[in-house]
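Inside the fold
So you can see what is in the structure, the chains are spelled out below.
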Amino acid sequence: MNKEDFFMLKDNIIYFDNGATTLKPKCVIDAMEKYYTVHTSNIHRGDYKASMITNKLYDNTRNIVKEFINCNSDKEVVFTSGTTMSINMIVFGYMRKFLKKGDEVLLTKSEHASNVLPWIKLAEEIGIVIKYMDLDSEYALTVDNVLKSISDKTKVISIAHVTNVIGDVRDINAIGQICREKNILFCVDGAQSVPHMKVDFKMANIDFLSFSGHKMLGPTGVGVLVGKEKLLNDMDPLFYGGGMNSFFEADNTYELKKVPTKFEAGTPPIAEVIGLGEAIKYLMNIGMDKIHKYEIELKKYLVSKLEGNKNITLYNKNSNSGILSFNVNGVFAQETSIYLNHYNIYVRAGNHCTKMLKDNIGIKNTVRISMYFYNTREDVDKLVNVLNNCNDIFKIVL
Amino acid sequence: MDSNLKREIILDNYQEPMNRGLFDDDSYIRVKANSENCIDNLEFMIKVDNDKIVDIRFDGEACAISTSATSIMIKSLIGKSIKDVKNILTNYKKMINEEEFDSEILGQLNVYDEICMQPNRKNCALIPSQAIDEFLAKIEKM
């Protein structure tokens with residue numbers, strides 16, 4: 001649906017790499033172009049007309065985010081450069097300050113590098129203990145396995161809501177409830193879920209939620225950290241400078257501004273924040289439940305078409321999202337993606353930044369189809385047709 | 001060289017590469033090679049004796065181009081003196097980077113003389129030379 005809003009799709013391209021980044025609708029590009037051509041100005045510093053327009057759009061994006069993910073206040077919405085920065089802020093701004101040696105943090109082996117490496121670094125620095133919760137036979141995380149992994153020392157659970165290779169949807173409402181009962185901090189990487197389904201910050205009792213703008217129709221270079229206000233008040237910024245301080249003196253005294261401003265030192269990505277606001281309005285206009293339902297149906301359709309092909313191994317046919325990882329038997333993932341590119345079908349090959357998942361699925365690299373609402377059954381038919389007739393793959397790629 | 005023949009040589013070396021598989025042996029020097037642009041990730045073990053390369057083995061995950069290039073490179077370098085190895089590497093890199101090169105000494109490695117037409121594959125073809133370069137830097141320090 002809504003294919004006509006996306007310039008790149010007019011070029012006969014089938015874009016199945018939405019887990020990496022999504023296309024941008026015209027309204028997002030228009031809003032950013034307007035900032036650059038009509039009201040270019042810095043925020044919170046000018047008394048002229050253009051500056052006031054920019055301020056209003058920038059500040060209002062926090063309200064749009066608040067409504068979109070249902071947090072308590074716009075003070076809980078911090079603009080970052082993306083999910084990676086958001087998680088690093090949580091780990092090094094909050095966790096480094098409050099966790100102690102021996103405290104346990106629960107992750108899984110299907111997490112993205114950005115939700116593993118900061119924790120590994122923190123373990124190296126202060127001696128926290130990282131534990132990886134077991135995945136089931138379909139590489140998904142069950143609530144039972146979460147419960148089994150919790151000990152008296154568990155202080156944090158940090159997981160993706162939807163993982164980026166397997167696409168399993170974790171039951172964050174149930175896990176959030178467990179965290180509430182056991183006084184565990186709950187960090188959710190929403191990079192692959194917030195763009196595709198309704199995520200309710202309050203209902204899931206999330207303490208910190210991270211996501212990226214560019215994976216949800218927005219521009220690159222902007223993302224969001226949503227944190228409970230009390231936690232954000234206690235969290236230290238990683239960057240210090242203009243815009244985030246109330247005063248500083250020659251005797252080394254200083255005072256920081258309140259949340260969320262204290263986390264946004266320097267000139268933020270203004271055009272990008274405005275573009276993100278437009279992207280979220282666009283998504284809300286379609287409806288997140290509608291998007292999720294559409295993608296699941298499209299994935300089921302794709303699976304039904306590929307299941308009979310004995311030449312193809314599917315790794316996650318039952319996961320409840322628009323992500324399908326597979327390999328053509330005997331063909332390295334990258335060759336398959338180069339082959340598909342020959343037919344203008346864009347997919348991703350690799351380990352998708354989940355290098356530890358090989359411990360579970362036994363292979364390192366896969367081809368990943370990640371769908372969005374602008375993909376259609378016709379796109380799927382073309383992909384399936386090309387995969388069903390790939391005997392000449394090496395003739396094409398070599 | 002005819003493009004069908006090139007494809008055949010590449011495919012043969014991809015599907016049945018020379019000396020795939022590593023083992024523990026301290027007399028070998030180990031190096032790794034990977035690409036920032038793609039997912040190739042290979043590890044090499046190389047044995048040098050009396051200024052000659054006497055064995056090269058490799059393992060890891062890599063595409064058809066880097067696997068085959070590694071296989072052909074191994075065949076080309078075993079038995080060669082360090083001086084000859086450097087000469088082959090220099091000319092191989094020149095060929096991949098579209099500079100003037102001596103095709104005579106490259107033998108079967110000439111199958112990649114048109115890889116520049118697929119710019120994203122150039123790095124794949126350079127994976128084995130990246131590893132051998134690192135190996136050469138290591139032995140020079142020894």
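In this text the structure is predicted, and so the values were computed from the model without any measurement.

Rules behind the numbers
- Residues numbered from 1 in each chain as written.
- Chains lettered and ligands numbered in written order.
- Predicted model: local features only at pLDDT ≥ 70, side-chain atom pairs only at ≥ 80, totals over all residues.
- Heavy atoms only, no water.
- Helix = DSSP H or I, 4+ residues; strand = E, 2+ residues; numbered from the N terminus.
- Rg over C-alpha atoms; globule rule 2.2 N^0.38 Å.
- Buried < 20%, exposed > 50% of the residue type's maximum accessible area, 1.4 Å probe, protein only.
- Lys, Arg positive; Asp, Glu negative; His and termini not counted.
- Charge placed at Lys NZ, Arg CZ, Asp CG, Glu CD.
- Contact = heavy atoms within 4.5 Å.
- Buried area = accessible area lost by both parts, 1.4 Å probe.
- Salt bridge = Lys/Arg side-chain N within 4 Å of Asp/Glu carboxyl O.
- Polar contact = N/O pair within 3.5 Å; in protein donor to acceptor, adjacent residues only side chain to side chain.
- Pairing = 2+ DSSP bridges.
- Axes fitted to C-alpha atoms, helices over the stretch in contact; angles between N-to-C directions.
- pLDDT = per-residue confidence, 0-100.
- Phe/Tyr/Trp six-rings, centres within 6.5 Å; stacked < 30°, edge-to-face > 60°.
- Disulfide = S-S within 2.5 Å.
- Parallel < 35°, antiparallel > 145°, perpendicular 65-115°, else oblique.
- Left-handed = near helix turned anticlockwise from the far one by under 90°.
- Nonpolar A, V, L, I, M, F, W, Y, C, P; charged D, E, K, R; others polar.
- Domains from an automatic or database assignment.

The next subject is the overall build of chain B. Summing up its helical and strand segments, chain B has 4 helices and 3 strands in all. The order of α-helices and β-strands along chain B, N terminus first, is α-β-β-β-α-α-α. Since a compact globule built from 142 residues should have a radius of gyration of about 14 Å, the 14 Å found for chain B is in line with a globular shape. If one aligns the C-alpha atoms of chain B with their principal axes, the spans along those axes are about 40 × 30 × 25 Å. Burial status across chain B gives 49% buried among its 142 residues. Of the side chains in chain B, 18 bear a positive and 26 a negative charge, and the two mean positions are spaced by 2 Å.

Turning to the interface of chain B and chain A, a few remarks are in order. Facing 16 residues of chain B, the contacting portion of chain A comprises 15 residues. Around 1,300 Å² of area is buried between chain B and chain A when both sides are counted, 58% of it from carbon and sulfur atoms. It is Arg7, Ile39 and Glu61 of chain B that lose the most area in chain B upon contact with chain A, and together they represent 45% of the buried surface on that side. Counting across the chain B and chain A interface gives 1 salt bridge. Residue Arg121 of chain B is joined to Glu335 of chain A by a salt bridge in which the shortest nitrogen-to-oxygen separation is 2.6 Å. Seen at the junction of chain B and chain A, the total is 5 residue pairs in polar contact (both at pLDDT 80 or more).

A separate point is the sheet that holds strand E12 (residues 323-328) of chain A. Residues and elements named next belong to chain A. In spatial order, the strands read E11-E12-E15-E14; together these 4 strands make up an open sheet with antiparallel pairing. In the strand order of this sheet, the two ends are held by strand E11 (312-314) and strand E14 (348-350), each with one partner. Sheet twist, expressed as the average angle between the axes of neighbouring strands with direction ignored, equals 30°. The pairing of E12 with strand E15 (residues 366-370) spans 4 bridges and is antiparallel. Looking at the pairing, Leu324 lines up with Ile369 of E15.

On to the confidence of the model for chain B, then. Predicted confidence across chain B gives a mean pLDDT of 91, with 98% of residues reaching 70 or more. With pTM at 0.89, the complex prediction returns an ipTM value of 0.78.

Here we take up the side chain of Asn18 of chain A. All names here are of chain A. Locating Asn18 in the fold gives a position in the loop between strand E1 (14-15) and helix H1 (26-37). Polar side-chain contacts of Asn18 include one of 2.9 Å to the backbone oxygen of Ser370. Engagement of the side chain of Asn18 in a polar contact is seen with the side chain of Asn375, the distance being 3.3 Å. Sequence-distant contacts of Asn18, that is, excluding residues within four places in its chain, are made with Leu23, Ser370, Met371, Tyr372, Tyr374 and Asn375.

Next up on the list: the packing of aromatic side chains. Residue and element names in this part refer to chain A. Following the criterion strictly, the structure yields 16 aromatic pairs over all chains and no others. A centroid spacing of 6.2 Å and a plane angle of 35° characterise the contact between Tyr282 and Phe373, whose relative ring orientation is tilted. Of the two residues, Tyr282 is situated in helix H8 (residues 270-286) and Phe373 in the loop between E15 and helix H12 (377-388); the sequence distance between them amounts to 91 residues. For Tyr282, a relative accessible area of 12% translates into the label buried. Pairwise contacts between aromatic rings join Phe6, Tyr282, Tyr372, Phe373 and Tyr374 into one cluster.

Under the definition given, this model contains 0 disulfides over all chains. Lacking any disulfide linkage, Cys187 of chain A is separated from the closest cysteine sulfur, that of Cys179 of chain A, by 8.8 Å. Given a relative accessible area of 2%, Cys187 of chain A falls into the buried group. Not part of a disulfide, Cys116 of chain B finds its nearest cysteine sulfur in Cys124 of chain B, a span of 14 Å. Under the relative-accessibility criterion, Cys116 of chain B is labelled partly exposed at 21%.

Once that is clear, we can look at the packing of H1 of chain A against H8 of chain A. Residues and elements named next belong to chain A. Relative orientation of the contacting elements H1 and H8 amounts to 150°, with a least axis distance of 8 Å. Relative to H8, the element H1 is oriented roughly antiparallel. Here the hand of the crossing between H1 and H8 comes out right-handed. Residues Cys27, Val28, Ala31, Met32, Tyr35 and Tyr36 of H1 form the contact with H8, whose participating residues are Ile270, Ala271, Glu272, Ile274, Gly275, Glu278, Ala279 and Tyr282. Counted by class, the contact of H1 with H8 contains 11 nonpolar, 1 polar and 2 charged residues.

What follows covers the domain arrangement of chain A. Residues and elements named next belong to chain A. Parsing chain A into structural domains produces domain 1 (26-285) and domain 2 (287-397). One C-alpha centre belongs to domain 1, the other to domain 2; they are set 29 Å apart. Facing 33 residues of domain 1, the contacting portion of domain 2 comprises 29 residues. Buried area between domain 1 and domain 2, summed over both chains or domains, comes out near 2,400 Å², and the portion from carbon and sulfur atoms is 62%. By the criterion of area lost to domain 2, the three top residues of domain 1 are Lys109, Val165 and His196, representing 28% of everything that side buries. Linking domain 1 with domain 2 are 0 salt bridges, by the criterion used here. Our count for the domain 1 to domain 2 interface comes out at 12 residue pairs in polar contact (both at pLDDT 80 or more). Looking at the side of domain 1 that touches domain 2, the element that brings in the most residues is H8, giving 4 residues. Per-class residue counts for the side of domain 1 that touches domain 2 are 18 nonpolar, 9 polar and 6 charged.

In this section: the sheet that holds strand E3 (residues 104-108) of chain A. Where strands meet in a sheet, backbone hydrogen bonds hold them as pairs that are either parallel or antiparallel. Residue and element names in this part refer to chain A. Across the sheet, which stays open at both edges, the 7 strands sit in the order E2-E8-E7-E6-E5-E3-E4 with mixed pairing between neighbours. Of all strands in the sheet, those with a lone pairing partner are strand E2 (77-80) and strand E4 (129-133), marking the two edges. Looking at each pair of strands side by side, their axes are set apart by 20° on average, direction ignored. In the sheet, strand E5 (residues 154-160) pairs with strand E6 (residues 185-189) via 5 bridges, with the strands oriented parallel. Of the residues in E6, the one forming a bridge with Ile157 is Phe186. Against the sheet, helix H2 (residues 49-69) touches E2, strand E7 (208-212) and strand E8 (223-227), its axis set at about 115° to E2.

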